[in-house]
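Residues per chain are reported as follows:
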Amino acid sequence: MSEFWSDVVKRLTPYVPGEQPKLANLVKLNTNENPYDPSPRVLKAIRGAVGENLRLYPDPNADALKEAIADHFAVTSINVFVGNGSDEILAHVFLGLLKHDQPVLFPDITYSFYPVYCGLYEIAFNTVPLTKDFSIRIADYDQPNGGIIFPNPNAPTGRAISLDEIEQLLQMHPHKVIVIDEAYVDFGGESAIPLTHRYPNLLVVHTFSKSRSLAGLRVGFAIGHSDLIEALERVKNSFNSYPLDSLAMAGAIAALEDKAHFERTRKAIIHTRENLVSALEALGFEVLPSVANFVFVRHPQHDAEKSALALRQHGIVVRHFKLPRIEQFLRITIGTDDQCAILIKALQEILAQR
Ligand SMILES: *Cc1c(COP(=O)(O)O)cnc(C)c1O
């Protein structure tokens, strides 16, 4: 704390991302990165974009990338917004679309960045408890609000709700913006993007970080009615006109083009997840049903924090949140088959010792 800080900064509780350990050879299952390399076409496109042209500013409107996204998802580019990771887009969404007189609503257990944006932009929020089995129940959102946001599938639970339920919510609040954060949708969920044609109050946010193996490149996008997109453009152009660099745009376009790589890697992760769930259940873990690239698990006889520490001693990092209702859970990213085998072997040893 310093006298030089503004009042807003003094009051902030910043988001703490999962650790990026500096140790080599760790089995890193803590931040939901993709265990597979990005498409070789991405690397080629980025290499091709390295040159004297880096002297120039990138296209501030990212037209080529917006066109590629629009084509891919059968919308037009006026329905597409792009940002430097979906985290940046979410920040603009909170300021541009969710800051109203009434509080924004999100689940009590969800992406923990949402309350941080509320702190930054001084936005009132109410949390809506997940049910006892950690599901989102749409009827619980039948209350006054200034907008609603949650991931589908939700994080860190991995549970998804159906498009029918999302439609019920859109119809329940036709004059509020409903934001669906689809960071994990490609691992078995159903995208709400087609609903954006019929619901002008729906904004769907996506990222290249998880299902396209590009967390390091920082590219996200949002799809919705052009009025919603215009609000985001207004915020972006009052904040940073050039959020996406030329290399990121080249890489992201190439990632969309390599559909075969995308299908192969996401299917491999789904397959590994199914095997991992069975192996964890055989060890006595309760596993929430997941359609994401992670599972959220607890063991009735073993303390989650202690298990996380023990795993670390075996060179394996997973995520533990010291938060109400979920402090006995571990969130484990789906790695390769080999990484998951190493995890299961370590857990067998750890559980046998205690
Ligand atoms: C990972 C994640 C994001 C952020 O993704 P970036 O595009 O890497 O910023 C957004 N929402 C949820 C729920 C996530 O898990």
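Only a predicted model underlies this, so the values are computations on that prediction, with no experimental measurement involved.

Thresholds applied
- For every chain, the first residue of the written sequence is number 1, and numbering continues from 1 onward in sequence order.
- It should be noted that, the model being predicted, local features are given only for residues of pLDDT at least 70 and side-chain atom pairs only at 80 or more, the latter also being counted only at that level, while totals for whole chains, interfaces and linings use all residues.
- With hydrogens and water stripped out, all remaining heavy atoms of the structure feed into the side-chain values.
- Proximity criterion: a residue is near a molecule or strand once any of its heavy atoms comes within 4 Å of it.
- In protein, a polar contact requires one atom able to donate a hydrogen and another able to accept it; more generally it is a pair of N or O atoms within 3.5 Å, and residues adjacent in sequence count only if both atoms are side-chain atoms.
- Accessible surface is estimated by sampling points in the Shrake-Rupley manner with a 1.4 Å probe; for residues, cover comes only from the protein chains shown.
- The helix and strand labels rest on DSSP assignments: H or I over at least four residues marks a helix, E over at least two residues marks a strand, and numbering proceeds from the N terminus.
- Charged means Asp, Glu, Lys or Arg here, nonpolar means Ala, Val, Leu, Ile, Met, Phe, Trp, Tyr, Cys or Pro, and polar covers whatever is left, Gly included.
- Residue ranges assigned to each domain were obtained from an automatic or database domain assignment.
- By definition in these notes, contact holds between two residues if any of their heavy atoms fall within 4.5 Å.
- The term buried area refers to how much accessible surface (probe radius 1.4 Å) is lost by two components on association, counted for both of them together.
- Throughout this description, the term salt bridge denotes a Lys or Arg side-chain nitrogen within 4 Å of a carboxyl oxygen of Asp or Glu.
- Strands are treated as partners if at least two bridges between them are detected by DSSP.
- Convention adopted: a line fitted to C-alpha atoms gives each axis, helices being fitted over their contacting stretch, and angles between N-to-C directions are expressed from 0 to 180 degrees.
- The labels follow the angle: roughly parallel below 35 degrees, roughly antiparallel above 145, roughly perpendicular from 65 to 115, and oblique for the rest.
- When the near helix sits turned anticlockwise from the far one by under a right angle, the crossing is termed left-handed; a clockwise turn instead gives a right-handed crossing.
- Each residue's exposure class comes from its accessible area (1.4 Å probe, protein chains only) as a fraction of the maximum for that residue type: buried when under 20%, exposed when over 50%, partly exposed otherwise.
- If you view a crossover with the strands going away from you and the path from the first strand over the helix to the second runs clockwise, you call it right-handed.
- Patch construction takes residues with relative accessible area above 30% that form no salt bridge. Like charges are linked within 9 Å, and nonpolar side chains (Val, Leu, Ile, Met, Phe, Trp, Tyr) are linked within 5 Å.
- For this count, His and the chain ends are skipped, Lys and Arg are scored as positive, and Asp and Glu as negative.
- In this description, the location of a charge corresponds to atom NZ of lysine, CZ of arginine, CG of aspartate or CD of glutamate.

(A) Spotlight on the site of the ligand. Residues in contact with the ligand amount to 13 residues; listed here are only the nearest, Ser86, Tyr184, Thr207, Ser209 and Lys210. One nitrogen or oxygen atom from the side chain of Asp181 is found 2.7 Å from a nitrogen atom belonging to the ligand. A distance of 3.1 Å separates an oxygen atom of the ligand from a polar atom in the side chain of Lys210. For the ligand, whose unbound accessible area comes to 380 Å², protein coverage reaches 93%. The element contributing the most residues to the shell around the ligand is helix α4 (residues 86–97), with three residues. Here the shell around the ligand is composed, by residue class, of five nonpolar, four polar and four charged.

(B) Representation of the domain arrangement of the protein chain within the structure. When its domains are assigned, the protein chain resolves into domain 1 (7–37 + 260–352) and domain 2 (45–257). Here the C-alpha centre of domain 2 lies 24 Å away from the C-alpha centre of domain 1. Contacts between domain 1 and domain 2 engage 32 residues on the former and 33 residues on the latter. Taking both sides of the interface into account, the surface hidden between domain 1 and domain 2 amounts to around 2600 Å²; carbon and sulfur atoms contribute 63%. Among the residues of domain 1 in contact with domain 2, Tyr15, Val291 and Arg325 are the three that bury the most area, contributing 28% of the side total. Summed over the shared surface of domain 1 and domain 2, the result is two salt bridges. With a closest N to O distance of 2.8 Å, Arg325 and Asp108 form a salt bridge. If you look at where domain 1 meets domain 2, you find eleven residue pairs in polar contact (both at pLDDT 80 or more). Mapped by element, the contributors of at least two residues to the side of domain 1 that touches domain 2 are α1 (7–11), α9 (259–282) and β10 (294–298).

(C) Here's a closer look at the sheet that holds β10. Spatially, three strands are ordered β9-β10-β12 in an open sheet, and the strand pairing comes out antiparallel. The open sheet is flanked by β9 (286–287) and β12 (330–333), the only strands paired with a single partner. Where β9 and β10 come together, two bridges link them in antiparallel fashion. If you follow Val287 over to β10, its bridge partner there is Val297.

(D) Looking closely at the side chain of Thr196. In this structure, Thr196 sits in the loop between β6 (178–181) and β7 (202–207). At 2.6 Å, the side chain of Thr196 forms a polar contact with the backbone oxygen of Ile193. Not counting residues within four places of it along the chain, the set of residues in contact with Thr196 comprises Leu202, Val204, Ile223 and Gly224.

(E) View of the pattern of salt bridges. Applying the stated rule across the entire model yields 13 salt bridges. A salt bridge links Glu349 to Lys345; the nearest nitrogen and oxygen atoms lie 3.6 Å apart. Residue Glu349 and its partner Lys345 are located together in helix α11 (residues 337–353), separated by four residues, close to a single helical turn. Shared partners join several salt bridges into a network, and the residues in it are Glu263, Arg266 and Lys267.

(F) Main features of the packing of helix α3 (residues 63–73) against helix α8 (residues 246–257). Direction vectors running N to C along α3 and α8 enclose 20°, while the axes themselves pass 9 Å from each other. What the angle tells us is that α3 and α8 run roughly parallel. Taken as a pair, α3 and α8 cross one another with a handedness that is left-handed. Judged by residue contacts, Ala64, Leu65, Ala68, Ile69 and His72 of α3 engage Met249, Ala252, Ile253 and Leu256 from α8. Across the contact of α3 with α8, the residue classes tally to eight nonpolar, one polar and no charged.

(G) The environment of Thr272, seen in detail. Within the element layout of this structure, Thr272 appears in helix α9. Given the relative accessible area of 2%, Thr272 is considered buried. Between the C-alpha atoms of Thr272 and Asn293, which are 21 residues apart in sequence, the distance is 9.4 Å. With residues near it in sequence (within four places) discarded, Thr272 still touches Tyr36, Ile334, Gly335, Thr336, Asp337 and Cys340. For Thr272, the side chain forms a polar contact with the side chain of Asp337, separated by 2.8 Å.

(H) Local environment of the pairing of strand β3 (residues 104–107). In this structure, β3 lies alongside strand β4 (residues 125–128), joined through four bridges in parallel fashion. Note that in β4 the partner of Pro107 across the bridge is Val128. Assessed by its sense of winding, the connection that carries the chain from β3 through helix α5 (residues 114–121) to β4 is right-handed.

(I) Here's a closer look at a negative patch on the surface. Together, Asp59, Asp63, Glu67 and Asp71 line one region of the surface with negative charge. You can see Asp59 is positioned in the loop between α2 (40–49) and α3. When its relative accessible area of 32% is taken as the criterion, Asp59 is described as partly exposed.

(J) Molecular detail of the pairing of strand β8 (residues 220–224). Of all five residues in β8, five are buried; the element is thus mostly enclosed. In terms of strand pairing, strand β2 (residues 80–83) meets β8 through four bridges, oriented antiparallel. Residue Val82 lies in a different strand from β8, and its bridge partner there is Phe221.

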